[in-house]
Structures are given as C-alpha cells and as structure tokens.
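Structural features, examined
Next come the chains, spelled out residue by residue.
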Amino acid sequence: MALPVLIHGDASFAGQGVVAETLNLDGIDGYSTGGTLHVIGNNQIGFTTDPAEGRSTRYASDLAKGFDVPIIHVNADDPEAAIAAVRLAMAFRRRFGVDVVIDLVGYRRQGHNEQDEAAYTQPLMAAAIAAHPTVREQYAATLAERKVVAPEETEELVKRVTLRLREAHEALRASFDQAIPSKTRSERMPSGAGAGTDTAVPDERLRGLSAELLRVPEGFTVHPKLARQLERRAGALDEGGIDWGQAESLAFATLVTEGIAVRLTGQDTERGTFSQRHMVLHDAETGEQYAPIQHLAGATASLEIYNSPLSEFACLGFEYGYSVAAPDSLVLWEAQFGDFVNSGQVIVDQFIVSGLSKWKQTSRLTLLLPHGYEGNGPEHSSGRLERFLQLAAQENVRIVNPSTAAQYFHLLRRQALEPRARPLVVMTPKGLLRLREASSTLSDLSRGAFATVIDDPAAERGSVRRLVLCSGKVYYDIVGHEARQQAAEVAVGRVEQLYPYPSDTVSALVGSYPALEEVVWAQEEPQNMGGWRATRHRLEEALREGVSLRYVGRPWRASPSEGYPTAHLREQDRIARTALGPRVA
C-alpha cells in the first residue's frame, strides 16, 4: 500500500500542464492510485512573478475545480489548522478514493533562495513579511499562553534541532573528501549484454500459446474482417509470415507464463495505432470486450493493457514510476507516433536517462516509438532517434531499431529477462508491421536470439567492394530497390542496436570482407538527425587502412521530412540509388 503525495508550488500548479494531465488520470482505469494528496505550498510568488501574472484565476487551486476535486484552503501560519486539513483530506480520500487538494497559503521569507533579494520586485510584500513573526514564534507564543510549553523549553528545542541539523551538514561536507568507489563490474552493461540470456522458446510451446491467443468464448462475435486477419496468424506458424503484432503477443504470452508481469499502455494501444495489435477484442454485436492473453491457462503473472488519455508527460512519468516500483515487471509505454515523445521529454531527460547516474536508480521501462519515413507529415515520421543517442552515455539505456518481427520478439524477452535492468528505447516501425519481408518464421522465434548486427545473407564476401550499413526500415528501401540487382559488389548490413554500440561485432563484420574499399552509412533521416552523428566515429574506428567512410541520406534539415508524398518518394529513391550505385567522383 502506498499514499501518493504531490507537493506543488502555487505558480506551478496553475502554470504547468502536467498538473492538469495528472489530475485527469485520477479516475481512469489503469492509472488510479486510490487518490493522490496534492499540497500546494502557496507562497504567493513564482520566482519573481506575482500571482496576477502567473494565472487567470483567483485561487492557485482553481484548476482542480474542473475535476470535482475537493479543495481545502488553510492558513500556513496556523499549524493545528494545517494538521486538521491533512486529516480531513486523508479521511475524504479514504472514504471516496479520489484526489484531494490542500492549498496551504503562506509566504516566502527569503525570496527564491537565501541570496535572492525579494524586495527588488515585491517591496511591499517583503516589508510586510519582514515585520511578520514566523510560524514557530507564533505557535510558541500560543503554547506558552496555553501553558503547554514554557518559553525557555521552546528555545531549548530550537537549539537542539539546530545542532542536529548542523552536525548532519558537517558530516555531509566531510564525506566530500572521501574517494568515490569506481563502478563495479556488476554495474557495467557492455554492448553484448544480454547475449547470454536465452530468449528462444520451443516450437510446441509457441504453438500452444498461439492457439490460446486466438481463442474466444463461445458466443463471442469477432468482427468479420478482423477474424480473417487473426485466422492468418494460425497459418503463419507453418507457412511463415509471423508479423509484428503476432510476434509481440507471443513474446508477452511467454513472459506471463514464466511469471513475469507485463504492463503495456499508450494511446490506442489495445488495438494498436496501425490496427496491428488487437490484443483486446470487441464483440461486433454486443460491444463486450475480451482479451485472450489475459486468460492463458499457464499464466502465473498478470498482463495489463490500457489505452491512455491523450497525454505523454504525465503518462510517461506514471509508467516510469510504475517500472521503478515493480522492477521485475516489463513495463512498456507506446507513443501513438514516435514524435509524441516530444511532449514527455522532461521525463526522459530528468528521470529515464539520468536516474542511474543521479540516484543509481534502474528501470526496465520500455518506450515503443513508431519511427520511419513513409511520406507522412514531418511530425509523424521521426521518433527523434538522434535525441536518445545524444543522451546515451555511461551505459544508461538501450537503444534499438529492429527490422524483423523475430528481432522484436527476442528483444522484448531479453529486456524482461536480462539481469542488468536498463530503460529500452525501441524505434518501432509502421510500414514494416505487415511487410512480408520483415515477417519471421516459427524457427526464428524458437531457435534464434536478438542480433545486434545482421550481415547480408546473400553477399559474395570475396567480391564485395562496398558495405552499406543502415538501421531500421530504410534497409528494405535499399534491398528492395530495382538497382539492387546490378549491385553485385555491394553488401547491405543492419545495425539493430545503436546503443550500447556493438563495436566488436561491427568491426568483425567490416573485417570479414577482404576486398572492401568503402563503407557507407545510409539513413533516411537528415544528416543532422538519425544515427549518423552518433555512429560516425565508431565506424571510423572499425575501418582498416584504405577503406573509406561515406554518408548517404537526406542533407541537413530543420524539419524531419518533406511531408509531401511525391518529394518523399523522390528522396527515398535517391538514397537507395546512391547507396547502391557507382560512386561519383
């Protein structure tokens, strides 16, 4: 059991959008905490901004009125009233299981910090506060008047507490001279981490789970069009063509039957933004819902899947907290499009990528960010891979751009089973979700493992003069291009894991082509985005003398993509032709 407590400033409660997003979560399935206690430390100033400049409402707490949240205003100068307000709030929360807001109205005596001079911008308020006795002084006088505590006793209490604080401060300062222990081997996460984790699952077990995932109660009517799609999943086990959604469902099913809880949330996640998942079915006649994956006979752990509100900041923060509180669970948050993570970037920067460095706080939180250029608008093309690569350091996260359904299957299982927990950022596809070439076979799931780098299976090693390395969807644009047939001296490899960068594997791949003259990094993102800037120096280190490195992709751009289908196709064609064709001097 836990009690969520959020402490807000008065300016931030009214001004920060995440507050409204968080209040909105209160009554939504999958997010309710039984009520959060919100305390507004209302000092009536946001840095040097007066209340009238920071909000349009009379009270800092008025935002909560839109959610029917009870609001208790209390004078911070009255300690007993403040305690009574907390007791009332707790009783209301316990009875009704909803959020409660306490607006603790006080003041800021020192300005924004001890060095700030509040009188520069609020001279009248600063003068009034300077003449006003402190809360402690007022309460001490009240207790003395009631003959509860003598004045000399209160002074002795103040001295005693001040001494304890001073001793604690001196102990902290002394600790700064102590050597910081170096990172232990157990904390390291080399690029090959997870290689020893067995993610393969026997054929027969996958067949059994597949049958259960396609089973619905008697009388339940699956939509006819969807029923045909689901029926194809049964045949895919024998004929091949296991797509992204099926591989994902099988991965989750194996985990919950191994005792590992799974939680997946996001916008339209039950169905899947691209109608690829359908983990929760809806009866075409009654509207009743049924999730086969939540009724597996051998499941020993839960699988939760929830559609989230149209929120990234609060929802991503909620899932990060959930993953920390449930470290052995696989917690996943899916953006409707990859760029939607922009709105949760504060959570990424201040918690997900830096938690290990700041607090030694690990997490298995997995971000699923649809990424790939299909001629859509710029805002739906890019999951901002370059941002995560820029934030990757000290083995703090895993960043992956998988290109097949089997790779995704093994990746999910590796993330749940690998002992060294780290957040995982997955550039998931859109166009590849149903692409036949990106599908997999049953043996790929039952006998394979996640590969950080994938070689060209058709390459004639002795005759290859150029090795094209790429990541994600652009691989299929290149190998599926008409110019591929005339490019016998070109091999096309895939770097599936971009961080931790698989240096040894890439170096071995480059070294395995004895006649190699050139390595090309190809990407569909602009040159100042994507993986190029983070991997260029790594690739240079892998090259032997006489082998050059070249970039092929979009030039530097301020916006991720053209946003115009004809221009997009022209650029994709140019990238593929340049990667495969003769080099122009």
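Scope of this entry: the structure provided in the associated data block. Note that the coordinates shown come from a computational prediction; the quantities given were computed from them, not determined experimentally.

**A closer look at the overall build of the protein**
From N to C terminus, the protein includes 20 helices and 18 strands. The C-alpha extent of the protein, read off along each of the three principal axes, is 95 × 65 × 50 Å. Scored against the burial criterion, the 585 residues of the protein give a buried share of 48%. Within the protein, contacts between residues at least 6 apart in sequence are counted, and of these 81% link residues at least 24 apart. When the accessible surface of the protein is summed, it comes to about 28,400 Å², and 53% of that surface belongs to carbon and sulfur atoms.

**Considerations on the nonpolar core**
Core analysis: the largest hydrophobic core is formed by 51 residues, its most contacted members being Leu 316, Ile 352, Leu 367, Leu 369, Phe 388, Ile 399 and Leu 467. Excluding residues that lie within four positions of it along the chain, Ile 399 makes contacts with Leu 385, Phe 388, Leu 389, Ala 392, Val 425, Glu 496, Gln 497, Leu 498 and Tyr 499. Counting 42 residues, the second-largest nonpolar core is a separate cluster that includes Leu 206, Leu 209, Trp 244 and Ile 305.

**Some thoughts on helix H8 (residues 203-213)**
Taken as a whole, H8 has its buried residues at Leu 206, Leu 209, Ser 210, Glu 212 and Leu 213. Down the axis of H8, the smallest arc covering the buried residues is 160°, so these residues share one side.

**Some words on the pattern of salt bridges**
All chains considered together, the criterion is met by 29 salt bridges. One salt bridge in this structure joins Glu 386 and Arg 384, with 3.2 Å as the shortest N-O distance. Taken individually, Glu 386 and Arg 384 each receive the classification buried, so the pair is uniform in this respect. Measuring nitrogen to oxygen at the nearest pair gives 2.9 Å for the salt bridge that ties Arg 461 to Asp 455. Assessed through its relative accessible area of 26%, Asp 455 is described here as partly exposed.

**Topic: a nonpolar patch on the surface**
A grouping of Leu 3, Val 5 and Ile 7 is seen on the molecular surface, where their side chains present a nonpolar patch of about 280 Å² in accessible area. Within the secondary structure layout, Ile 7 lies in strand E1 (residues 5-9).

**Some words on the packing of aromatic side chains**
Counted according to the given criterion, the structure contains 10 aromatic pairs. Each ring, one from Phe 220 and one from Tyr 290, has its centre 6.0 Å from the other, and the planes form 55°; the classification is tilted. Here the residue Phe 220 occupies a position in the loop between H8 and helix H9 (224-239), and Tyr 290 occupies one in strand E7 (residues 289-290), the gap between them amounting to 70 residues. Residue Phe 220 shares its accessibility class with Tyr 290, and that shared class is buried. Both rings, one in Trp 532 and one in Tyr 551, keep their centres 5.3 Å apart while their planes meet at 45°; by these two values the pair is tilted.

**A look at the layout of surface pockets**
Reported here for the largest pocket is a volume of approximately 840 Å³. Around the largest pocket, the lining comprises 26 residues; the ones closest to its centre are Leu 6, Thr 22, Ala 314, Gly 317 and Phe 318. Of all elements in the fold, only E1, helix H2 (17-24), helix H11 (313-325) and helix H12 (345-352) reach the threshold of two or more residues within the lining of the largest pocket. It is H11 that provides the largest number of residues to the lining of the largest pocket, a total of 8 residues. When the residues that make up the lining of the largest pocket are grouped by side-chain class, the tally is 15 nonpolar, 9 polar and 2 charged.

What counts and how
- Residues numbered from 1 in each chain as written.
- Predicted model: local features only at pLDDT ≥ 70, side-chain atom pairs only at ≥ 80, totals over all residues.
- Heavy atoms only, no water.
- Helix = DSSP H or I, 4+ residues; strand = E, 2+ residues; numbered from the N terminus.
- Buried < 20%, exposed > 50% of the residue type's maximum accessible area, 1.4 Å probe, protein only.
- Contact = heavy atoms within 4.5 Å.
- Areas by Shrake-Rupley, 256 points an atom, 1.4 Å probe, with all protein chains shown as cover.
- Core = buried A, V, L, I, M, F, W, Y, C linked by side-chain atoms within 4.5 Å.
- Arc of directions from axis to C-beta.
- Salt bridge = Lys/Arg side-chain N within 4 Å of Asp/Glu carboxyl O.
- Patch = residues over 30% accessible without salt bridge, like charges linked within 9 Å, V, L, I, M, F, W, Y side chains within 5 Å.
- Phe/Tyr/Trp six-rings, centres within 6.5 Å; stacked < 30°, edge-to-face > 60°.
- 1 Å grid on protein atoms, 1.4 Å probe; cavity = no way out; pocket = protein on both sides within 12 Å on 5 of 7 lines; lining within 4 Å.
- Points joined across faces, edges and corners; volume = space filled by probe spheres on them.
- Nonpolar A, V, L, I, M, F, W, Y, C, P; charged D, E, K, R; others polar.

These figures come from the coordinates and say nothing about function on their own.
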